Structures are given as structure tokens and as C-alpha cells.
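Topology and contacts: notes
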Amino acid sequence: MCGLILQLNCNESSIVSSGQKIFSKVQDELQIRGPDKQSYLAKRNLFLGHGRLSILDVDNGSQPMEKDGKVVVFNGEIYNFKYLKSTFSEDKYSTDCDSEILLSIPDINNPQQFLNSLRGMFAICLVDFEKERILAARDRFGKKPLFAANIDGKLFLSSRMKTISKLLDGRGKISPEGLGYFSDFGFIPAPFSIMEGVEKFLPGEWRLYNFKGEVVKKGSIDPIRMPHDLDPNDPNLEVSSFKNSIISATQRRLQSDRPLGILLSDGIDSSIIAHTIQSQLNSEKHIKAYILSSNDHLDESPGAIKFAKSIGIDYEVISMEATEDIYSEVLSVLDEPFADLSIFPTYSAFKALKKHATVAITGDGGDELFGGYPHQFSNRFILNASKFAKHYGPLRRLKLLKDLPHAFSKPSYLYRRISSSGLFHTKYYQELRHQIPNYNERYLLLKESRAVQSFEGDLEKSQWSNSISFGLLDRMLTKVDVCSMGAGVEARSPFLDEDLWNRCMVHPATRKDFENKTCKSFLKNYAAPFKINPRKSGFSMDYERFQPKQGAESSSMFGKNIFSGEGSSPLTYRILDDWINENLL
């Protein structure tokens, strides 16, 4: 797992003499994602920088990696690289790293088939100096970030937006569109960003550039499957089929030359992964489970300990820190404002794990794949509002679900609260406030740039699909990536395996009652023999324990306790203001 940066002088002027100066500007940002080694290559009109978190072939495999006129900088893991190497039998490989397989691309001008063959998580920048082409690509789920900008005659491709900002000497401006989307969702969906002129690659997107920074070809890797009608006779739902798939997906993620462990909670998803490893794959590797304790009323370690003992897996309980320093640490690793309270305990979890393991196997994605969230099916509550309204908000809000993307967010919900907070009355925001597109304009922009799913006559499919597109791909995976990489840990989830996902992604339209109408019931039935009794609440803690230090007041007018009040609104305002003041002002 790593960080990368590419700078291309689009006027084709040489960059060689400036290589060390550019590297000095970005090294600290590269180190956040790649703490083990930072390197660079300056050649012709191209600069490529890389920060490495060494996982495979620790002593070799440094990047930028060069071979036969090609150079690659790469962030992520290609799980099927050994198989792919065997298919390129004429090529000779000097490392046991997955990154080297990328230099074997048969034809950079026609990358579709090669990219479709990759299994894993990645952001790739591959340069062919002979053909004067740059291939940039992001994995199907968008687990690894890839930012792009073409500013002042330079093309930038980077794992971090802050790296681009450093190369622009901090001259970035806030994007009105990005601010509008943050106000809608509490995060900014791809392809938009908080910085004007910078965009995010969509999940699965690839582009081919020439050495003038022009896009000469673009496309999309075969996408992940979205909810579809369930065939009652579909063998993919058979327990034996799922068992084989989850074993294969888990096994692919156990390749590591650094300490590897399972993040085990009291939930069904990580428990299934732990059971799979212990019962099927642990005879040689002797993998340990790490159970996180928050030492408060939300602590779920007792249930996880009981389960670990029942399956006989070695385990260790580690304490999650909840200190006033965590707020500033999270702010420093965020590339954009991100207003999800769970980012604090998530970062704390990976920070605690880093003392014991460099690679974490997680249960992320299980709820999205098997429909474990009530909001994925909240249209059912509309018909029974009197019973469920107290749990899921007023019926008025539920009725908005019939128009997308209201299935994910109430229109301008955070925007109205941010506007009324007084934030937009400060001098800096006065001009910006009137540049933000209205909600309808933002929705149309998003619909044009994203495959916003709308299944005519089937609200349930629309809700589930868009909760995956935005809730998983833009929100949850961003959170996991930022927190794990900020702590120097690589997070891998078997439930986010392309083959497992496409096999199991089904729409539970034939189930009869609410409990059985979520696919999560299939997972519960599968897990029943393992004596898993899920009471999962998430890696959560008492949020007020993350309160920033006294005296570290925001430049805005927000109160001392940003974790108090209705919902997360004080935190939303504070993160937005602090992030902008630190990065764009």
C-alpha cells in the first residue's frame, strides 16, 4: 500500500533539473501513505514520486519501477499477480512484488482486457516512454483514491489531493460544487472534489494520456454487479457455493511478508471471516485475531472474546485510544472535509492495530453486499409509518425517497444547517455562497457524471444500488482508506472481492417478511452453526472523548464541544472550517 504522484509538463519541457525540488515539496505527503521508503524519478517532462508501505518482497520492489521503457507507480494490491505472471511466460521477473506485473501490459494503447484481468485494489500510473503514453486507472470499487488535475500547463495524478496542493504552492481554491455536495452528504462524491480544478477518478475509470496531457482514450473496467432480481433456483445462494467463494476471497488476501491479523468484532461479518481463516486456512500461517476494546459502554470486546475462544483462534485484546490528539491527527490525513463521526474510532482502531500488525483483514462490505442496513429497504416503512416513524424519522422524509438521490440524503439537509450556522457569513464565504449550484443543479451534475441507478417501478433496487454507489464506494471506503493508511496499515476485506461480490449480489424480492427480506438473513443462516450471535454496533466509542485540545479553537464561531447538539452538525461545521483554513487559506 502506497502513495503516488505524477507531474507532467504539458509543454514537453524537461523536468529533470527540478526533480529534487519537486520531491522535497511532496515527500512528507508521500510518507503518510508510504512510511517505509520515498523515491522519485525525473525523466524527460515527467516526474513520478512514490511512498511505499512494504507488504510483499520487502527488500525489493521499490518504486518508481522501470523496465523495458515503461515505468510504474502503483498504490494497492493485485491479488492474482502470481497467476498473471504465469500467463506472461516470456517475461522475466526480478521481484516477488505484484507491482511488477503491471509492466507486462501487452499494449498500453488498448488496456481494457489487461485491466479487466486485475483482481484487487489499486490506483495505477503507468508510463510508456517509447509510445509516449500514460495510463491511469482506479479499481472497480474505488478502494484506492486517484486525484487528477490539469492546471497551469501541468498534469497531476496523485493518491492525495494535498500533494497536488503542495505542488501548486497552496494556491488551490475551494470548489463551489464540492462545497455543495459536502453540504448534501457530509462527503464529496467522485468525480467532484473540494478543490477547484481537481477531480477524482470514478471507481473503475481509466484514462490514457499523451505526453501533452491530453486524454486520447478512456474507459471503465468491468464494473461490479448491482442488485438484480433473485432467481429462487440460483445456485449462487447455496451454502456450499458461498462457502467456496468466501474461502477463495479470504485466501487471496492472506499474501503478506509483514505481520497480518484479523480485526475481530462482535459482528457477523468479521466473525465469518475469522471462522473461515481458523477452520480452513490457518494451519500454516497461524493468523491471530485482534479484538479492539473501547473501555466504555459501547465496548463489544466481551462478545468477540467469547467467539474467539469458541473457534480456538489465538487472539489479543488491544485498547483503542480516544484522546484529544486524534481530532488533529485525523484532520491531517484527510484530503477533503469528511463529516462522519465514525472516522474517529476507525482511525483509533487502525492506530492501535499498527503496534501489532501491518495488514488487517476486515469484515467491511458485508452489510452492503447482503443488504444489512435498514435504510436500504426503508420504503417498506412508508406503508407502516405509524409503527416505524419513531425509528426512521418523519414520514415526510421517507416520501422523499421516491426521487433520487433522496434515497440517500434529504435535499440540502446539511446545507441549510451549515448556512444557518453563520459559517457563510464570514468574509471568506460571502462570495462562495452565491456560486454554489442549487440542489436541482447539483443533482443533475451528479446524475450526468455518475451512473445514478434508477430502476423504474422498483424503489427498493434504487435505494440499495445508490446506497452502494455513494454510501459504500464514496463514504465508507474513503473512510477506511484514509484511516488505515494514515495509521500505516493496509486494510483488506474478503467481502469486497470482485468475484465473491458478483456471485452474491442479489435482490431479495422473493422473501416474504421484513426479517427474511434482507439478504443478511442468508448470512445469519450460514453463520448459525458457528454459534455467532451478532450484536454489532461498529467500531464506536464515546465521541466526546475525541474533543480537540483546549485552546485549539477553530477560526469560526463554533462552541467548545463539537460533538454535542443535534446529530453531528457542530462537527460538520468545525471539520469544514478547520480543513479549509489549514489547506486552502
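See the structure above.
All of the points below concern the structure found in this document. (Residues numbered from 1 in each chain as written. Predicted model: local features only at pLDDT ≥ 70, side-chain atom pairs only at ≥ 80, totals over all residues. Heavy atoms only, no water.)

1. Some points on helix α8 (residues 301-311)
So the rule is basically this: For every residue, the accessible area obtained with a 1.4 Å probe (protein chains only) is divided by the maximum for its type, and the residue is called buried under 20%, exposed over 50%, and partly exposed between those limits. Working definition: helices are DSSP H or I runs of at least four residues, strands are E runs of at least two. Numbering for both runs from the N terminus.
Looking at α8, one finds that the buried residues are S301, G303, A304, I305, F307, A308 and I311. Where α8 ends, the next residue or the one after it, G312, has phi of about 80 degrees, a positive value.

2. Re the sheet that holds strand β8 (residues 147-151)
Through backbone hydrogen bonds, the strands of a sheet pair up, either in parallel or in antiparallel fashion. As a reminder of what qualifies: Two strands are counted as paired when DSSP detects at least two bridges linking them. Angles here are taken between N-to-C directions and fall from 0 to 180 degrees, while the axes themselves are lines fitted to C-alpha atoms, restricted in helices to the stretch in contact. Between two residues, a contact is recorded if the distance between any of their heavy atoms is within 4.5 Å.
Taking strand neighbours across the sheet as the criterion, the 6 strands line up as β2-β3-β1-β9-β8-β10 in an open arrangement whose pairing is antiparallel. Each end of this open sheet is capped by a strand with a single partner; those strands are β2 (37-43) and β10 (198-200). Here the strands of the sheet are splayed against their neighbours by 15 degrees on average, with no regard to which way each runs. Pairing analysis gives 5 bridges linking strand β1 (residues 2-9) to strand β9 (residues 154-158), with the strands arranged antiparallel. Bridge pairing links L8 to L155 in β9. Against the sheet, helix α1 (residues 19-33) makes contact with β1, β2 and β3 (46-52), and its axis sits at roughly 145 degrees relative to β2, the strand it touches most.

3. As for the environment of M65
Within the secondary structure layout, M65 lies in strand β4 (residues 65-67). On the accessibility criterion, M65 (9% relative accessible area) is buried. In the structure, M65 is positioned 24 residues away from L41 in sequence and 9.2 Å away in space, judged by C-alpha atoms. Setting aside residues no more than four positions away along its own chain, M65 makes contact with K70, V71, V72, S99, E100 and L103.

4. Let's talk about the nonpolar core
For clarity, the cut-off: Only buried Ala, Val, Leu, Ile, Met, Phe, Trp, Tyr and Cys residues count toward a nonpolar core, and they belong to the same one when joined by side-chain atoms within 4.5 Å.
One finds L118, F242, F350, F495 and W501 to be the most contacted residues of the largest nonpolar core, which totals 135 residues. For this core, the leading source of residues is helix α18 (residues 459-486), giving 11 residues. If we ignore the near neighbours within four places in the chain, the residues touching F350 are L263, A360, V480, C483, S484, A487, V489 and A491.

5. Some points on the side chain of N9
Relative to the elements of secondary structure, N9 occurs in strand β1. With near-sequence residues (within four places) excluded, N9 lies in contact with S14, I15, N45, G153, K154 and F211.

6. Here we look at the pairing of strand β14 (residues 288-293)
We apply this condition: We call a crossover right-handed when, viewed with both strands directed away from the observer, the connection leading from the first strand over the helix to the second proceeds clockwise.
Burial analysis of β14 places 5 of its 6 residues in the buried class, which makes it a mostly covered element. Pairing of strand β13 (residues 260-264) with β14 involves 4 bridges; the strand directions are parallel. Note that in β14 the partner of L263 across the bridge is Y290. Direction of pairing for β14 relative to strand β15 (residues 315-319): parallel, over a ladder of 5 bridges. When the bridges of β15 are listed, I291 appears paired with V317. Crossover β14 to β15 through α8 is right-handed.

7. What about the sheet that holds strand β11 (residues 205-210)?
Ordered by their spatial adjacency, 6 strands build an open sheet running β4-β5-β6-β7-β11-β12, and the pairing between neighbours is antiparallel. In this open sheet, the two strands that pair with only one neighbour each are β4 and β12 (215-220). Taken over all neighbouring pairs, the strand axes of this sheet differ in orientation by 15 degrees on average, direction set aside. Note that β11 and β12 share 5 bridges and pair antiparallel. From the neighbouring strand, Y209 faces β12, where its bridge partner is V215.

8. Points about helix α10 (residues 343-353)
With 10 of 11 residues buried, α10 is to be regarded as a mostly interior element. Where α10 is concerned, the buried positions are I343, F344, P345, T346, Y347, S348, A349, F350, A352 and L353.

9. Re the side chain of D57
Test applied: His is not counted here, nor are the chain ends, while Lys and Arg score as positive and Asp and Glu score as negative. A side-chain nitrogen of Lys or Arg and a carboxyl oxygen of Asp or Glu constitute a salt bridge if their distance falls within 4 Å. Two N or O atoms count as a polar contact when they lie within 3.5 Å, although within protein this holds only if one can serve as hydrogen donor and the other as acceptor, and sequence-adjacent residues are included solely when both atoms are side-chain atoms.
Mapping D57 onto the fold places it in the loop between β3 and β4. Of the side chains with opposite charge, R52 comes closest to the buried, unpaired D57, at an N-O distance of 6.2 Å. A polar contact is formed between the side chain of D57 and the side chain of N60, at a distance of 3.0 Å. Within the structure, D57 has its side chain in polar contact with the backbone nitrogen of D96 (distance 2.8 Å).

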